[in-house]
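Here is how the chains run, residue by residue.
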Amino acid sequence: PMLTVSDCTQKTLFTAEGLAIARGRGGTPEAMVSEVRSALERWAQTQTSRAKAVPGGRGLLDNAVMWNPRGAGTTSLDVLSTGLTGTIDDPVNDAEDYGAVVHAAPCGLVEHLSPEERYCLGAQVGALTHGHPNGWASAGALASVIRMVSQDVPLRDAAFWAASHVRRYHPAAH
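1. Some words on unusual backbone geometry
Phase 1 of the analysis: Here Asp152, not a glycine, exhibits a phi torsion of approximately 70°, which is positive.
Phase 2 of the analysis: Among the structural elements, Asp152 can be located in the loop between helix H6 (133–150) and helix H7 (155–169).

2. Details of the packing of helix H5 (residues 115–127) against H7
Axis angle and axis distance: for two packed helices, these are the angle between their axes and the distance between the axes, and together they describe the pair.
Phase 1 of the analysis: Close contact between H5 and H7 brings their axes to 12 Å; oriented N to C, the two are set at 65°. Put simply, H5 runs roughly perpendicular to H7. Along this stretch, H5 crosses H7, giving a crossing that reads as right-handed. Of H7, the residues touching H5 (which contributes Pro115, Glu116 and Tyr119) are Trp161, His165, Val166 and Tyr169.
Phase 2 of the analysis: Of the residues that constitute the contact of H5 with H7, the class distribution is 5 nonpolar, 1 polar and 1 charged.

3. A few points about the side chain of Thr129
Phase 1 of the analysis: Note that Thr129 resides in the loop between H5 and H6.
Phase 2 of the analysis: Classification of Thr129 by relative accessible area gives buried; the value is 0%.
Phase 3 of the analysis: Within the structure, Thr129 has its side chain in polar contact with the side chain of His103 (distance 3.1 Å).
Phase 4 of the analysis: Aside from chain neighbours lying at most four places away, what touches Thr129 is Thr75, Ser76, Val79, Leu80, Val92, Asn93, Ala95 and His103.

4. Topic: H6
Phase 1 of the analysis: The end-to-end C-alpha distance of H6, which contains 18 residues, comes to 25 Å, matching closely the 26 Å that a straight helix rising 1.5 Å per residue would cover.
Phase 2 of the analysis: In terms of residue burial, H6 counts as a mostly covered element, since 13 of its 18 residues are buried.
Phase 3 of the analysis: Downstream of H6 by one or two residues, Asp152 has phi in the positive range, about 70°.

5. What to know about the packing of H6 against H7
Phase 1 of the analysis: Remark: H6 packs on H7, axes separated minimally by 9 Å, with the N-to-C direction vectors making an angle of 150°. With respect to H7, the axis of H6 lies roughly antiparallel. Considering the relative orientation of H6 and H7, their crossing is right-handed. Listed contacts from H7 to Ala137, Ala141, Ser144, Val145, Met148 and Val149 of H6 are Leu155, Ala158, Ala159, Trp161, Ala162 and Val166.
Phase 2 of the analysis: In the contact of H6 with H7, the residues fall into 11 nonpolar, 1 polar and no charged.

6. Describing the pattern of salt bridges
Phase 1 of the analysis: Taken as a whole and assessed by the stated rule, the structure comprises 4 salt bridges.
Phase 2 of the analysis: In this structure, Arg42 and Glu17 form a salt bridge, with 3.2 Å as the shortest nitrogen-oxygen distance. Of this pair, Arg42 sits in helix H2 (residues 29–48) while Glu17 sits in helix H1 (residues 7–23), and the two are 25 residues apart along the sequence. Side by side, Arg42 and Glu17 carry an identical accessibility label, which is buried.
Phase 3 of the analysis: As a salt-bridge pair, Glu111 and Arg23 come within 3.6 Å of each other at their nearest N and O atoms. With Glu111 in the loop between helix H4 (99–104) and H5 and Arg23 in helix H1, this pair connects stretches of sequence that are 88 residues apart.

7. Quick word on the nonpolar core
Phase 1 of the analysis: Of all hydrophobic cores here, the largest spans 29 residues; its most connected members are Phe14, Leu19, Met32, Trp43, Met66, Leu121 and Val125.
Phase 2 of the analysis: If you list the elements that add at least two residues to this core, you get H1, H2, helix H3 (74–82), H4, H5 and H6.
Phase 3 of the analysis: No other element matches H2, which puts 7 residues into this core.
Phase 4 of the analysis: Dropping the residues within four chain positions of it, Leu19 is found in contact with Met32, Val36, Pro106, Cys107, Val110 and Leu121.
Phase 5 of the analysis: Grouped together as the second largest cluster of nonpolar side chains are 11 residues, Met148, Ala158, Ala162 and Val166 included.

Cut-offs applied
- All residue numbers here refer to positions counted from 1 along the written sequence of the relevant chain.
- With pLDDT at 70 or above as the cut-off, local features in this predicted model cover only qualifying residues; side-chain atom pairs require 80 or more to be listed or tallied, and sums for whole chains, interfaces and linings still use all residues.
- Computation of side-chain values: all heavy atoms of the structure, hydrogens and water removed.
- In DSSP terms, a helix is any run of H or I states spanning at least four residues, a strand is any run of E spanning at least two, and both are numbered starting from the N terminus.
- For every element, the axis is a line fit to its C-alpha atoms; helices are fit only across the contacting stretch, and the angle between N-to-C directions ranges from 0 to 180 degrees.
- Orientation is classified from the angle alone, with under 35 degrees giving roughly parallel, over 145 giving roughly antiparallel, 65 to 115 giving roughly perpendicular, and any other angle giving oblique.
- Working rule for handedness: look at the near helix, and if it is turned counterclockwise from the far one by less than a right angle, call the crossing left-handed; if clockwise, right-handed.
- In this description, contact between two residues means that some pair of their heavy atoms is separated by no more than 4.5 Å.
- Side-chain classes follow a simple rule in which Ala, Val, Leu, Ile, Met, Phe, Trp, Tyr, Cys and Pro form the nonpolar group, Asp, Glu, Lys and Arg form the charged group, and the remainder, Gly included, forms the polar group.
- Each residue is placed in one exposure class: buried if its accessible area under a 1.4 Å probe, protein chains only, is under 20% of its type's maximum, exposed if it is over 50%, and partly exposed if it falls in between.
- Pairs of N or O atoms are called polar contacts if they sit within 3.5 Å, as long as, within protein, a hydrogen donor faces a hydrogen acceptor (for residues adjacent in sequence, only side-chain-to-side-chain pairs).
- One less than the residue count of a helix, multiplied by 1.5 Å, gives the span that helix is expected to have.
- Counted as salt bridges are all cases of a side-chain nitrogen of Lys or Arg within 4 Å of a carboxyl oxygen of Asp or Glu.
- To form a nonpolar core, buried Ala, Val, Leu, Ile, Met, Phe, Trp, Tyr and Cys residues must be joined to one another through side-chain atoms within 4.5 Å.

From the geometry alone we can't say anything about function, so treat these as descriptive.
Spelled out as structure tokens, the structure:
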């Protein structure tokens with residue numbers, strides 16, 4: 001039987017692929033956000049196309065397991081189908097659900113960023129599809145927590161840092 005991978009796991013893997021591509025191109029935060037946007041468009045293709053895989057396709061598109069629509073929520077798919085790129089300052093919607101956190105989680109594994117920079121990267125990646133501060137601020141917070149915990153910062157301290165950061169810089173988020 002073919003392995004099934006949830007839509008959330010698929011989005012997370014495509015985000016990681018975008019970050020890896022950006023790393024190979026200099027790894028600036030701008031490049032990372034741009035490559036993640038492209039990667040999420042590829043993920044959306046796997047959810048809306050009848051194809052089974054792209055033979056000789058780039059990266060995850062060549063994996064048949066990724067071409068299994070898993071009932072993905074419409075927020076990300078709707079935004080990605082428009083070709084628009086959401087930002088913190090220019091949101092594409094008012095979405096605040098968990099999807100932003102799902103595709104921003106791999107941002108916590110980017111090595112060369114400070115907690116502040118990692119927070120910003122996670123928030124910007126979250127804002128690609130989720131325009132409400134509750135969506136993108138939580139994405140930034142999770143990215144920071146993941147990195148801090150991976151560097152042996154106690155979870156409680158990492159969560160406190162992230163919550164304090166959200167309250168200080170994004171009081172509209174709750």
